[in-house]
Amino acid sequence: MLKKDVSPQQQTLANEVEAAATRIADSVIMSPLQVSERLSAATGSTVYLKREDLQMVRSYKIRGAFNFMLQLDETERARGVVCASAGNHAQGFARACKELGIQGTIFVPKTTPRQKIERVRHFGGDRVTIEISGSTYDDASALAHRYAERNDALLVSAFDDLRTIAGQGTVAVEIASQLEVAPDYIIVPVGGGGVISGIAAYAAQNLPSTTVIGAEPAGAASMIAALKAGRPVTLENIDPFADGTAVKRAGALTYDIVSDLDVDVRPVAEGAIATEMLDMYQVDGIIAEPSGAIASAAIGAPGTGKPITIEPGSTVVCLVSGGNNDISRYPEILERSLVHEGLKHYFIVDFPQEPGALRRFLNEILGPEDDIAMFEYVKRSDRETGPAFVGIELGYAEDLPNLLERMDASQIEIERVHQNSPMFRLFA
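Analysis parameters
- Residues numbered from 1 in each chain as written.
- Predicted model: local features only at pLDDT ≥ 70, side-chain atom pairs only at ≥ 80, totals over all residues.
- Heavy atoms only, no water.
- UniProt positions renumbered as here; feature names shortened; annotations may be inferred.
- Helix = DSSP H or I, 4+ residues; strand = E, 2+ residues; numbered from the N terminus.
- Buried < 20%, exposed > 50% of the residue type's maximum accessible area, 1.4 Å probe, protein only.
- Contact = heavy atoms within 4.5 Å.
- Polar contact = N/O pair within 3.5 Å; in protein donor to acceptor, adjacent residues only side chain to side chain.
- Domains from an automatic or database assignment.
- Salt bridge = Lys/Arg side-chain N within 4 Å of Asp/Glu carboxyl O.
- Axes fitted to C-alpha atoms, helices over the stretch in contact; angles between N-to-C directions.
- Parallel < 35°, antiparallel > 145°, perpendicular 65-115°, else oblique.
- Pairing = 2+ DSSP bridges.
- Right-handed = clockwise from strand over helix to strand, strands pointing away.
- Core = buried A, V, L, I, M, F, W, Y, C linked by side-chain atoms within 4.5 Å.

The name given to the protein chain in an unreviewed UniProt entry is L-threonine dehydratase, with Brevibacterium antiquum as the source organism. Listed in UniProt under the heading Catalytic activity (unreviewed entry), the comment for the protein chain reads: "L-threonine = 2-oxobutanoate + NH4(+)". In UniProt, the protein chain has this text filed under Pathway (unreviewed entry): "Amino-acid biosynthesis; L-isoleucine biosynthesis; 2-oxobutanoate from L-threonine: step 1/1."

Structure, rendered in structure tokens:
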């Protein structure tokens, strides 16, 4: 983030972030700031994880929802409130509705994990009504806007309202109070842009030596697209894997803030996010949702090829934005990680329909550390050969060239299935 004079508007927002920290103090916890030994060793720096996954609703979204609704007067509360969410904002919204005695309606897309929807019901009780409709967050958002207009309800934006932005930005206030010296970097996941707008505005005024960098899922990089176009644009298609940050269009207010402050936002491959989720779970004992793992997935030492290069000796804070992950998603997470790491590959193998064909394939093609992870085959008696869809898991990614050489030398016809193939997406 290039340092520049803070405009009056950004100074006002920074002050609002500070005011929000006091306003919501009784409604949120000061989440821990923990050193990650794994990431510190990997980068040669001191890397802290800001554990917003430990909030009561397991994400930072509770901050914006409470800051918004605590400022409503009795007349506004009586009108009722509505929001759209992929799950995390909905939980903070639901808890605020129940605690403040406000009736609320929540629109969530059909892709929202069941675990998140059940938690919304738990936090909101009879104070909220859940409407499950649309394929993406943006679909749900459009429905929420229409509902607000027809029913004179107040729309509590997940990211594109100054009250929401200020509340979410209180993460930075806590970071400043928890560290004796300002960090060199704060790495923040980006979806609609609410939390990075609040953090960047606060840091520009109060932590001038700190660089704030955004990390956005590559398959839903709406803020990056907006910065490139000079205005918010709507992406035609997005990858919903990182559901908490998978939005087709960045916010108008958040784009203005991020753009004015020259915040750098980098894309992070979904496969890298999946790998980081597994590392956080298996090494650190942290259950992070995909969006919660984006920030730490983005960083690496010079020469590692990571989206965000961290100079050795730096102090870094990565925001673990949420921990609402459905356990049923772990097979998909493992699959994406293996493919990203180059450990899993798919092929169409045209087997001769004769005894011993599969045994020859195993003996001649597979290496000692390779394994068959998938085998889809239907025998047809009226043909000389029969195709099989075969998934092979390697012991080491660098073994792939040798595997391909053995396939080329084989008399069996074998075709590699690449990730951009519809066949790959059908089975993988």
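(A) Representation of the environment of N88 in the model. Within the fold, N88 resides in helix α5 (residues 88–100). Judged by relative accessible area, N88 falls into the buried class, the value being 8%. Once the C-alpha coordinates of N88 and K116 are considered, the two residues, 28 residues apart in sequence, prove to be 7.2 Å apart. If sequence neighbours within four positions are ignored, N88 has contacts with S59, K61, K116, E289 and N324. Within polar-contact distance, the side chain of N88 engages the side chain of N324 at 2.9 Å.

(B) Quick peek at the domain arrangement of the protein chain. Along its sequence, the protein chain is carved into domain 1 (6–58 + 160–330), domain 2 (80–151) and domain 3 (341–425). Summarising the inter-unit geometry, the C-alpha centres of domain 2 and domain 3 are found 46 Å apart.

(C) Highlighting the pattern of salt bridges. The full count for this structure, using the stated rule, is 20 salt bridges. The salt bridge partner of R329 is E332, with a shortest N-O separation of 3.9 Å. By sharing partners, the salt bridges in this structure join K116, D239, D243, E289, R329, E332 and R336 into a single network.

(D) Layout of the packing of helix α1 (residues 8–23) against helix α10 (residues 194–206). The N-to-C vectors of α1 and α10 enclose an angle of 105°; their axes lie 8 Å apart at closest approach. The angle between α1 and α10 places the two elements in the roughly perpendicular class. Counted together, Q10, Q11, L13, A14, N15, V17 and E18 of α1 and S197, G198, A201, Y202, Q205 and N206 of α10 form the full contact between these two elements.

(E) Broad picture of the sheet that holds strand β3 (residues 81–84). The strand order across the open sheet formed by four strands is β5-β4-β3-β6, and the pairing between neighbours is parallel. Strands at the two margins of the open sheet, each flanked by one partner only, are β5 (128–132) and β6 (154–155). Examined bridge by bridge, β3 and strand β4 (residues 104–108) share four bridges and lie parallel to one another. Bridge assignment links A84 to a residue of β4, and that residue is F107.

(F) How the structure looks around the pairing of strand β8 (residues 211–217). Among the seven residues in β8, seven count as buried, and that is most of the element. Neither face of β8 is left uncovered, since the one carrying T211, I213, A215 and P217 and the one carrying V212, G214 and E216 both have all their residues buried. In this structure, strand β7 (residues 185–189) lies alongside β8, joined through five bridges in parallel fashion. Residue pairing for β8: P189 is matched across the bridge by A215. In terms of handedness, the path from β7 via α10 over to β8 forms a crossover that is right-handed.

(G) Main features of the sheet that holds strand β2 (residues 46–51). Strand order in this open sheet of six strands is β1-β2-β12-β7-β8-β9, and the pairing throughout is mixed. Among the strands making up the open sheet, the edge pair consists of β1 (33–35) and β9 (264–268). Here the average twist between neighbouring strands, direction ignored, is 25°. Relative to strand β12 (residues 315–320), β2 is paired through six bridges, and the arrangement is parallel. Across the sheet, Y48 pairs through a bridge with V317, a residue of β12. The strands touched by helix α13 (residues 270–284) within the sheet are β8, β9 and β12, with β9 carrying the most contacts at an inclination of about 85°.

(H) Spotlight on the side chain of K50. Along the polypeptide, K50 turns up in strand β2. Apart from the residues within four sequence positions on either side, K50 is in contact with M30, S31, P32, L33, V171, E174, I175, Q178, V317, C318, L319 and V320.

(I) Quick look at the nonpolar core. Formed by 37 residues in total, the largest nonpolar core has its most connected members in I186, V188, I199 and V212. Put simply, the parts of the chain that give this core at least two residues each are α1, α8 (162–168), α9 (170–178), β7, α10, α11 (222–229), α12 (252–260) and β12. The biggest single contributor to this core is α10, with eight residues. Non-local contacts of I186, meaning those with residues more than four positions away in its chain, are made with I175, I199, L207, T210, T211, V212, I213 and V317. The next biggest cluster of nonpolar side chains, apart from the first, holds 31 residues, and it includes I187, V268, A272 and I333.

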